[in-house]
Each structure stands twice: as C-alpha cells, then as structure tokens.
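# Fold and geometry: a report
So you can see what is in the structure, the chains are spelled out below.
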Protein chains: 4
Amino acid sequence: MQIGLVGLGKMGGNMRERLRRAGHTVIGFDTNPAVSDVPHLSDLVDQLDGPRAVWVMVPAGGPTQEVIDRLASLLKHDDVVVDGGNSRWTDDEKHAKELAARGIGFVDAGVSGGVWGLEHGYALMVGGEAEYVERLKPVFDALKPDGPYGYVHAGKVGAGHFAKMVHNGIEYAMMQAYAEGWELLEKVDSVDNVREVFRSWQDGTVIRSWLLDLAVNALDDDEHLRKLRGYAEDSGEGRWTVEAAIDNAVPLPAITASLFARFASRQEDSPQMKMVAALRNQFGGHAVETKKA
Amino acid sequence: MQIGLVGLGKMGGNMRERLRRAGHTVIGFDTNPAVSDVPHLSDLVDQLDGPRAVWVMVPAGGPTQEVIDRLASLLKHDDVVVDGGNSRWTDDEKHAKELAARGIGFVDAGVSGGVWGLEHGYALMVGGEAEYVERLKPVFDALKPDGPYGYVHAGKVGAGHFAKMVHNGIEYAMMQAYAEGWELLEKVDSVDNVREVFRSWQDGTVIRSWLLDLAVNALDDDEHLRKLRGYAEDSGEGRWTVEAAIDNAVPLPAITASLFARFASRQEDSPQMKMVAALRNQFGGHAVETKKA
Amino acid sequence: MQIGLVGLGKMGGNMRERLRRAGHTVIGFDTNPAVSDVPHLSDLVDQLDGPRAVWVMVPAGGPTQEVIDRLASLLKHDDVVVDGGNSRWTDDEKHAKELAARGIGFVDAGVSGGVWGLEHGYALMVGGEAEYVERLKPVFDALKPDGPYGYVHAGKVGAGHFAKMVHNGIEYAMMQAYAEGWELLEKVDSVDNVREVFRSWQDGTVIRSWLLDLAVNALDDDEHLRKLRGYAEDSGEGRWTVEAAIDNAVPLPAITASLFARFASRQEDSPQMKMVAALRNQFGGHAVETKKA
Amino acid sequence: MQIGLVGLGKMGGNMRERLRRAGHTVIGFDTNPAVSDVPHLSDLVDQLDGPRAVWVMVPAGGPTQEVIDRLASLLKHDDVVVDGGNSRWTDDEKHAKELAARGIGFVDAGVSGGVWGLEHGYALMVGGEAEYVERLKPVFDALKPDGPYGYVHAGKVGAGHFAKMVHNGIEYAMMQAYAEGWELLEKVDSVDNVREVFRSWQDGTVIRSWLLDLAVNALDDDEHLRKLRGYAEDSGEGRWTVEAAIDNAVPLPAITASLFARFASRQEDSPQMKMVAALRNQFGGHAVETKKA
C-alpha cells in the first residue's frame, strides 16, 4: 500500500527502507532535504491517493504537535494519521480529538527495535479504533519481525504508547538488575571471570534474555567497562511510567529505583549526601570530606 | 565416567537421568529407598573406582553438612566432592578445608534449570581448583545444555555458588520488573488486552527473555491470574545477595526492593503500616481502619 | 485587621477562632449555613473594607478553583487572595495570573498544624510578592506559633505550597522510618518492651522529635496497635513531591519508598506478587497459594 | 557507687566526667597513659571493691572481645561487666555466656548522645538480667539526661544493642528524608530561601525534631553546603539493621534506601551505571560518556 512517512531520522529512515523492501510505496518527508523524497509536507499529501495514511516519526512533544497540526489542515475526511514517535500517551487522546474534528482517524504506535529494527523488524504496540488499525495492517506487517510475535493492538487510543512506555519501564529495571549483579560480581575476589559468568548465563538459566546477550557483547568490547563513565541518560518513558503508577496508586519499587539510579549517576556531587554528611558532623563530630580548592 | 550422586529428589533424580542418557555410570543414593540405587552411602563409595567423584545434591545447611561429614570419613585421598546444592558460598570454603584435611578435593557448583533441566540441560557455575574442575568436565558437559553456553568455571572455591546466588538476585529483580509492568497495564482502562501485549513482546523488543515467555505461559493458563494469591516465597539466595552487597558496600536498590516486596506479600497485615496509620491519626485526626471483630 | 475566610471546616473553623482570639475581625463564609457568618460569599466581600484580604481554605482542585473564580469577579483592584488550602503548587501561578488580570493580588500559604494548630499555632510557608505578603503579616503572626519559628516567606508565587509539599514528603519518610523500626523491634524476641524503648528515645537520642512523641501517645493508647489495620491513605502531597522530583531529576528513594508502602497497604491482594508467584511456579514448579473459594 | 571504665576516648572520657560530676567514683583505664587513671587493667580491677562493675567503652569487634577476655580472667564471681560500645547484638550473647561461665554478669548498653552527651546526658538502652541492671541503676541515672526519658531496660541480653541499632537505622532514614527534601527545594527556582524554610519548620510542623535543629545549624554555617562533598560514611549499625530485617523477613525500604545512598556516595564512579550505559549503547546506539584520558 501507499504511506506517507514524516521524519526520516535514524528510526524513520530505516523504517522507510524496511517498508520499501516489503513492496510498499513510501513517500518520505523530512526537513533535511538531503533525505527527503519531497520538498514540502504538502507534496507528500498530494502524492498519496485517498484515503491517505501518514506515519509521523518525529520527536515527542512540540515537533509531533506541529506535524499533527499541519496534517490536520492538509488531510481530508477518512484519512488516517499514525503517531509512531515516543509521544506520551496523554497526548494521544488530544491528537485523536483534534483530528477527529475534521473526520481524520488517529492511531498511536509504540515502536521498539532501535538500531536492530531494520534487519530484525520493529515490535509494534498500537492503540486506536479497529477500523483504522485494520486499514494499516499491511504496514504493521511489513515493519514487525517475521513470526508470530512483535505486534499487538493493545486497546483504545493511547494504549499503544502506554504499552510501549511500560515496556521501557520494565527495560529500566531489567538493565538495573543485570547492572547490580555485574557490579557485585566484579567486587568480590573469589570470582575471577565475570565476563565468562555472564556469557555462560546465555543458556539454561532463568535470566537468559536479549539484554543479557547485549551485555556479553559489551563486555567483549571492554571486559571491565573501563572506557565508560557510570553515567546514564533517561529518555522520558521511565519518568512517565512512574508518573502513571502514581496516578494509579500502583507501587513500582524496582522500576523507580532504576530511574533514580540514573538521576544520581548524572550528578557531579550529591546535594542530599552533603546534607547527610553535615548532619553526621553536627551530632557526632564525624569528619566530613571537604571540597578541594 | 563414573559418578556417585547423593540426593535423588526432583533435581537430583532428573540429573541422574540426564547423566545416564549421556552414557555415564551413576550410582545414586537417597534416604528414600524407593529411589536409591544402593542401601547405604558406604555402598555408593564402595561401588565407585578411585579416584572417586561424588556429587552432593541435598538441601543447603544441615543436610549438606551431614553428607560432607560422612563423605570426609568414607572417601580416600585424591577423591573429589561436588556440592551442587544451594549452599551459601560462605559454607564452601569451610567444606573445602574440612575435605582438604584428608586430601579430598572440593568443587562447588551452582545449578540452574529447575523443572526444565532434564530436557534442556542445566546451567552450571563452578568454583574450585582447576585440577578437580577438569576431572569433572565430562559430567559438567553431560549436564549442561548443548551449545556454547551454560557452563563456566567462575573462580576459586565458592565462586560457583556466589555466581549462582547473584544469578538468583538478578532473577528476583527481573521477575519484579515484569510483575510491576503487568500490574500497571492491568490497572489502566485504555489497555484492553494485557496478555496479548505480553505475548507481542516476545519478539523485536528490548525486554524479550525466557522469563517473558514463561509469563505468557502463565497468562495463557489464567489470563488475569485470578486463581493465585499475591504471595511469594523467597529461597535464601535473594537474602544472601543483599547481605553480600552490604558486606561489600555495593548498592542494590532494585534487587533489594524485589526481596522486600516478597517479604511484604507474606504478611497478613503490615505492622509498619499500622504505625503509619496511627501517626496520621495522632497529628491529623485522620480516620484509621480498625480491625473487624 | 479585617479578613474574609472562605471554608470553615475542621481547619478553617479553628483558624477563624485563633484569628479572633488575636483580635482580628474575621468574616467567615461556608456553604454550611450552620457555621457560616454570612449567607453568601458576596456578603463576605461587602462586609470587608478595601483593600480587602480573603483567605481561601477549601479542598484543593475544583473547589478552590471555583472560589477563586468567584472572588475574581467579586473583588476589586488591589484586593488580595490567600490560598491556604492544599493546592498543588502548579495551580498557584495559574490562579495568580487569573487574579492579576483584574489587579487582584495572590499569595499561596502552605499550612501545617492539623488538630493541634488552634492551641499551638500553625506553621506557615508563604509564596508571593513581598508587597502582598507584608500586608498580610498581622494575619500570619496571629496564626503562627509563638516564638521565632513557624513562618517563612519562601519565595515567589507557588513557593509556599511547594515548601509545604516537600514538608509532607519529608513527613512521609520520617513516619516510615519510625514504622520500620517499630516493626523490626516488635518482631524480635529479645526486646520485651518496644513501647518503653520508644518512650525512652524521647530524650538524649538523635531521633527525638514531635512525631516520636506522637508515636508514644499512640502506643500508650494501644501498645501493639492491635486495633488498627495496616492501611494508610495518602493525601496528594506525597505524590506531588515525587512528581516534582521526577521533573527535576532529583532522586528521592526514601520518600518514594514511603509512598509506595502506602499504596501497597491499600491493596487487598498484590497483583504484582501474583505474577511473581506465577513465574516461580513456571520455572521452578514452586507451589503457589491459590485463593480460597 | 564505684565503677571501672575501660576506654577513655571521646565518648568514654566524657562519660567519666559526667559520672564524676554525679558523685560516683570512676577508675578509668585506657591504653593511652595520658588519659588513663591507672597503668594497667589489673590495677583498675584491684582498686574496685567487690562486687565490682566495669563499663567497657572500646571499639566493637576485636578490641571489645579482647577486653572482655581479659576481664573474664581478672574479675570474680558476682562482678558485672557492661558493654557500652557499639557491639553487634549478636556478640552480646556470646560475651554473656563467656562471662557467665565464671559467674560474672553481663549487661549490654546502647548509648546515644555523641558530642552533646556530656552536658545533655546520654540516652541508654540496656539489655540483661534484672538483677544486674538494678545494681547498675545509679550509674545509668547519672549518665542519662535529666527528666523522665532517655533510659530503658529493653529486654534480655542483646536487647540494648539491638534497640540502639534500630535507633540508628531510623536515624539513617530520617537524615535521608531531610536530605532529599533539601535537595529538591534547592533545585527549584521558585523557592528563594531554603535555609529559612528549614528554620521555619522548627515549630508548628509535623517534622520538627532535633535533627531538623541540627540541619539549621549546619545551614547557618554554610548556607548551600558548598564546602562539603556529598560523601557519607556508615558506621555498621545501618548495615546490621538491614541484616536483622532480612533475618526476620521484615521489609525496610526507606532505611535500606538510605544505606544504599551512602554506599553510592562513596563511589568515585558507579560500576552499575557503566553497565546501564553500555546496554543503552548496545540496543539504541545511545551515546556513552567515556572517561577522559
């Protein structure tokens, strides 16, 4: 089928390629003319036959809002927009309403796959009305991995991004789990060969996983990770997962601990630990470490 | 090769079977005569040619100590004992010394695989001197899964159980990660079909894993886990992991949160939350829930 | 001075009393005619001389918004509104702008003191422009405790509620700290008399505090808190504190753990622990506890 | 009454002074002759009339064991030893048995008070048989603060140190609570004056406490704690509290989070966060921060 694709960065560019390999006609637009198929977004719309489908793959927040606004004015009744970016699920209902006011459909798609997606396929979690989801099925089929898994219609508008967000929350805690275990193994004397312990875990264990395979890859590159700083960014979904949990009074101790460990990793020095040190000094006369001049 | 196997419960019985399928001669002893190959432990020792190898697969603590003590008196110089049970790594050095005093070798083996091990193979993490580990290689090869993974000589005496203990600590946090995500998805209205979300994650995602596959199995049996109570035991290794972390001043927030969640799950009522409720009532006149008579 | 007071519930009613004892003229309005001084909000406005000051003491969210909206239309240029309720600090800027559009000032006041405030005084944390804060000083002085503490002009609009919110976040973790310690002491055999241990801590220790005094009061009423359920509500500020921390990438492990413990205390059964139990059963054949019919 | 005091460091020296001010006869011994009253421990024993009481105030572990061993051989039937150091409660029963074998009594005393104890008094939590505790009452009365609080006979041998250990665990979480709140307040723009917010909390709030008073002292010295590093030691009791909780299956999320925050504060770089960064790079091509050469 035909599809418009707005945003041809690392993810969008690879998705265009995977869709074309599957025989679909993709009209891509990007503000970077070097990668764009058409000079303007309006050209993209003009080149698609109706009812049109346009996949938006730009950064969450302002950029996505801007593209949705423009599409609202360019598209026609019965066209459909897919937001495949990392939008917060709370934005989806707003976008769906805005487009519905003009008779345009909306589907949200959480996409996982990163740099491996082009070859292996992208896991897709989608939300929206069955009518629109069905229409886009050929596109989803082309993007998803071969085999029985990697695609789900999770529920109403927003459910796709919500499911992807929770996926990322789980991912945070799984990464933290391996990281904590690795640090402890590296710390003790009796274990000589932590990298080989990790490698051995890739079969027969309860904790075998794709993330574990990646950990082994990383240790093969740099056995004790000496080249890295212990500094980890977070991409938004972890924060939103905790906020969603708070809204729903669901306790998420492991996921939240994983998020906070990242926050702490980015601090040059810990203000809260200054206060703890100051208090210990006040009541116990315990020595404090002072900053070097 | 020949090997004695002490303890023929769920794990030991299956390991005997897997070793025999691989062509090894196994003399098994168990206090339950219905499954034992010989009437007494001394018969097991008598039927093995020297230098002997005896694999101990009985509960950690007292039962393992008892078998080690008896083997110390029955075995000869240059024989070797493998402790494949769930012993705490701190016991291993003690056992190794006790046996070394009589010239008997000792190897500790952390074993993962549970009910799936007979067919799929058992992951093995072993600790001890290279000489003894090498001698036991044919047994390890028979027990481990086919393929390149599932076996490691992790280090000195105790390193096998230590690595297995950390494996279990990681396992706790991974289980908690999926469990937290599942609870949050079940709680929100927009997601209709949590089981299918989990199923879809089995390919193309960052969080695909064997545990995820098992979660899907569990949800196929009972979609909303309505038949279960939210009650989880812990088996010792999680506690030991946290204790080892404390000894080594390593922060393990996600693993520890997972352990504490299990502790809390087993309380009929939470004493600490009674105190919180009592305090809220004291300063704010907030209502408390009282026990029903 | 003269002040209007909207909302005469448990807190507002006591504040009216404390203000009157200090010689101020208070015109109180409540939708409950039994406690209201005037029949309508407009009467309250009419009975005050300009420039007027009106203190709003109604539930956060909708009710506060409604009163602010009505006051915006009733008050005149140079009047000032104080929001002393538990509003989220993010609402304050919105309210301030809405009122500023008509030349009306706005001050937010976080108020602590609960049922003890009438006699002991209320701690006040206020935010807003110095001009308005100064004008209200006599009212703040009457409400606050005697002595040098219990009042602060914390910063710009919103700073009062923000400081009060953080106060409550700290309160959550302090309550949790005592509660955890109490549970552990109650659990061990060697300690005979946990209540007397708590009582003894009221002097000479590092952890002496007003909350500790309240804990002793509670234990004097019910030594082992046998009459209570381990069930604790949360009032919003704890959640907002964690959300503010996430917005600012500040790790709050102890405060968040305290909030999650309350969430868990309110669950009949733990969905996440069902999943953990289900997974243990899948890989290890571990028994699960099933619901009683 | 007469009492021997072994260990005249910061704590022991001040306790000797406080006991003497109360009219007791104290014979102090220290390995540092500059502060010792007698040249040898045996002289201390010789100068006391029987039945003797000797208070041990030396570092926990080896040094305490050594003094107990020597006193076991020097003291007579019906004498009594008090361990007022920071011993782990599990050592107390061992010490009590060792001394009981020679008819010597044993009492353990957890002592709080730090540098403030000389003037204000030391909070005492004691464990042991009532007979010995009674005999030492005049000493306890002299050391404790004036007034009704600051002393408890908590239970059997070990109960004193156990109660003191839990006191310290609570202390960790309370310090963490204030520290988290302080960091969040310092981070946001709307709050101008965090120190004055803390000062104001000293009356009328739920969180007023002695630790809060100390926090204000610290901020008066250094408003933003700019002179300090965010580096906090831990003294053993926090670790033991978590270990005791694990032994008793009691969840301590806030206290443990506080302990882990201190562990993390002492790491130059976080190994676990290196692994998280490495994994993010593996699956997402996310940039990592590398060490500077």
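The structure displayed is predicted, hence computed values, not measured ones.

Conventions used here
- Residues numbered from 1 in each chain as written.
- Chains lettered and ligands numbered in written order.
- Predicted model: local features only at pLDDT ≥ 70, side-chain atom pairs only at ≥ 80, totals over all residues.
- Heavy atoms only, no water.
- Contact = heavy atoms within 4.5 Å.
- Buried area = accessible area lost by both parts, 1.4 Å probe.
- Salt bridge = Lys/Arg side-chain N within 4 Å of Asp/Glu carboxyl O.
- Polar contact = N/O pair within 3.5 Å; in protein donor to acceptor, adjacent residues only side chain to side chain.
- Helix = DSSP H or I, 4+ residues; strand = E, 2+ residues; numbered from the N terminus.
- Nonpolar A, V, L, I, M, F, W, Y, C, P; charged D, E, K, R; others polar.
- Phe/Tyr/Trp six-rings, centres within 6.5 Å; stacked < 30°, edge-to-face > 60°.
- Buried < 20%, exposed > 50% of the residue type's maximum accessible area, 1.4 Å probe, protein only.
- Least-squares fit on C-alpha atoms with pLDDT ≥ 70 in both.
- Expected span 1.5 Å × (residues − 1).
- Arc of directions from axis to C-beta.
- Pairing = 2+ DSSP bridges.
- Axes fitted to C-alpha atoms, helices over the stretch in contact; angles between N-to-C directions.
- Core = buried A, V, L, I, M, F, W, Y, C linked by side-chain atoms within 4.5 Å.

Let's shift gears to the interface of chain A and chain B. Across the boundary between the two partners, chain A contributes 68 residues, which contact 68 residues of chain B. Taken together, the two surfaces of chain A and chain B that pack against each other cover about 5,800 Å², and 69% of this comes from carbon and sulfur. It is A:Glu180, A:Leu184 and A:Val206 in chain A that bury the most area against chain B; as a group they hold 11% of the surface buried on that side. At the junction of chain A with chain B, the criterion picks out two salt bridges. Salt-bridge contacts for A:Asp192 lead to B:Lys156; the nearest nitrogen and oxygen are separated by 3.4 Å. The tally of links from chain A across to chain B stands at 20 residue pairs in polar contact (both at pLDDT 80 or more). For the side of chain A that touches chain B, the secondary structure elements donating two or more residues are β6 (123-127), β7 (151-155), α8 (159-187), α9 (194-200), α10 (210-221), α11 (237-247) and α12 (253-265) of chain A. Here the element with the most residues in the side of chain A that touches chain B is α8(A); it accounts for 18 residues. When its residues are assigned to classes, the side of chain A that touches chain B shows 37 nonpolar, 19 polar and 12 charged.

Attention now moves to the interface of chain A and chain D. Each side of the interface is counted separately: chain A has 54 residues, and chain D has 54 residues. Summed over both partners, the interface of chain A with chain D comes to about 5,100 Å²; 64% of that surface belongs to carbon and sulfur atoms. Counting every contact that joins chain A to chain D gives zero salt bridges. Linking chain A to chain D there are 14 residue pairs in polar contact (both at pLDDT 80 or more). Those elements that place two or more of their residues in the side of chain A that touches chain D are α8, α10, α12 and α13 (271-284) of chain A. For the side of chain A that touches chain D, the leading source of residues is α13(A), giving 13 residues.

All right, on to the packing of aromatic side chains then. One pair of aromatic rings is described through two measures. These are the centre distance and the angle between the planes. Residue and element names in this part refer to chain A. Scanning all chains against the criterion turns up 24 aromatic pairs over all chains. Note on Trp 89 and Phe 162: the rings are 5.1 Å apart at their centroids and 90 degrees apart in plane angle, and the pair reads as edge-to-face. Highlighted residues: Trp 89 in helix α4 (residues 89-100) and Phe 162 in helix α8, separated in sequence by 73 residues. Given the relative accessible area of 1%, Phe 162 is considered buried.

Moving on: the relation of the copies chain A and chain B. Two chain copies, one operation linking them: a rotation about an axis together with a shift along it. Of the transformation superimposing chain A on chain B, the axial component is 0.0 Å and the angular component is 180 degrees, with the fit at an RMSD of 0.1 Å. Here the symmetry operator amounts to a two-fold rotation axis. An overlap of 100% is found between the interface residues of chain A and their copies at the interface of chain B, pointing to a shared contact surface.

Quick look at the pattern of salt bridges now. Counting across every chain of the model gives 68 salt bridges over all chains. B:Glu131 is paired through a salt bridge with B:Arg135; the nearest N and O atoms lie 3.9 Å apart. Taken together, the residues span about one helical turn, with B:Glu131 and B:Arg135 both in helix α6 (residues 130-135) at a distance of four residues. The class for B:Glu131 is partly exposed, based on a relative accessible area of 47%. Accessibility expressed as a relative area gives 23% for B:Arg135, which makes it partly exposed. With its nearest N and O atoms 2.8 Å apart, the salt bridge here joins C:Glu243 to C:Arg88. Taken together, the residues span a long stretch of sequence, with C:Glu243 in helix α11 (residues 237-247) and C:Arg88 in the loop between β4 (80-83) and α4 (89-100) at a distance of 155 residues.

Residue and element names in this part refer to chain C. Here helix α3 (residues 62-74) contains 13 residues, and its C-alpha end-to-end distance of 18 Å stays within 8% of the 18 Å for a straight helix at 1.5 Å per residue. What α3 keeps buried is the set Thr 64, Gln 65, Val 67, Ile 68, Leu 71 and Ala 72. Projection of α3 onto a plane perpendicular to its axis shows the buried side chains occupying an angular sector of 165 degrees, all on one side. In the core, the buried residues of α3 are packed alongside β1 (2-6), α2 (41-47), β3 (53-56), β4, α4 and β5 (105-112).

The next thing to look at is the sheet that holds strand β6 (residues 123-127) of chain B. Residue and element names in this part refer to chain B. Read from one edge of the open sheet, seven strands run β2-β1-β3-β4-β5-β6-β7, paired in mixed fashion. The sheet is open, and its two edges are formed by β2 (25-29) and β7 (151-155), each paired on a single side. Between one strand and the next, the sheet's axes are offset by a mean angle of 25 degrees, whatever the strand orientation. Where strand β5 (residues 105-112) lies against β6, five bridges are found, and the strand directions are antiparallel. Residue pairing for β6: Val 111 is matched across the bridge by Leu 124. Contacting β1 (2-6), β2, β3 (53-56) and β5, helix α1 (residues 10-21) runs over the sheet at an angle of about 165 degrees to β1.

Turning to the pairing of strand β5 (residues 105-112) of chain D, a few remarks are in order. Residue and element names in this part refer to chain D. Counting buried residues along β5, eight of its eight residues qualify, which places the element largely inside the surrounding structure. Burial along β5 is two-sided: Gly 105, Val 107, Ala 109 and Val 111 facing one way and Phe 106, Asp 108, Gly 110 and Ser 112 facing the other are all buried. The sheet contact formed by strand β4 (residues 80-83) and β5 spans four bridges and is parallel. If you follow Asp 83 over to β5, its bridge partner there is Asp 108.

Okay, the relation of the copies chain A and chain D next. In the superposition of chain A on chain D (RMSD 0.0 Å, axial shift 0.0 Å), the rotation amounts to 180 degrees. Most of the interface of chain A is mirrored in chain D, where 100% of its interface residues are also at the interface.

Among the nonpolar cores identified, the biggest contains 240 residues, and A:Phe198, B:Phe198, C:Phe198 and D:Phe198 are the most heavily contacted of them. Ignoring anything within four residues of it in the chain, the contact list for B:Phe198 reads B:Tyr178, B:Trp182, B:Leu185, B:Leu212, B:Ala215, B:Val216, B:Leu219 and C:Met275.

Our focus in this paragraph is the environment of D:Pro39. Residues and elements named next belong to chain D. Position of Pro 39 relative to the elements: it lies in the loop between β2 (25-29) and α2 (41-47). Its relative accessible area of 61% is what places Pro 39 among the exposed residues. Once the C-alpha coordinates of Pro 39 and Arg 18 are considered, the two residues, 21 residues apart in sequence, prove to be 22 Å apart.

Residues and elements named next belong to chain C. Reading across from one edge, β2-β1-β3-β4-β5-β6-β7 is the order of the seven strands in this open sheet, with mixed pairing throughout. Of all the strands in the sheet, just β2 (25-29) and β7 (151-155) have a single pairing partner and so form its edges. Across the sheet, the mean angle from the axis of one strand to that of its neighbour is 25 degrees, orientation sign disregarded. Two elements, β1 and β2, share five bridges in a ladder whose sense is parallel. If you follow Gly 4 over to β2, its bridge partner there is Ile 27. With respect to the sheet, α4 is in contact with β4 and β5, its orientation differing from that of β5 by roughly 150 degrees. Packing against the sheet, helix α8 (residues 159-187) makes contact with β4, β5, β6 (123-128) and β7, and its axis sits at approximately 15 degrees to β5.

Interpretation note: all reported values are geometric properties and have no functional meaning in isolation.
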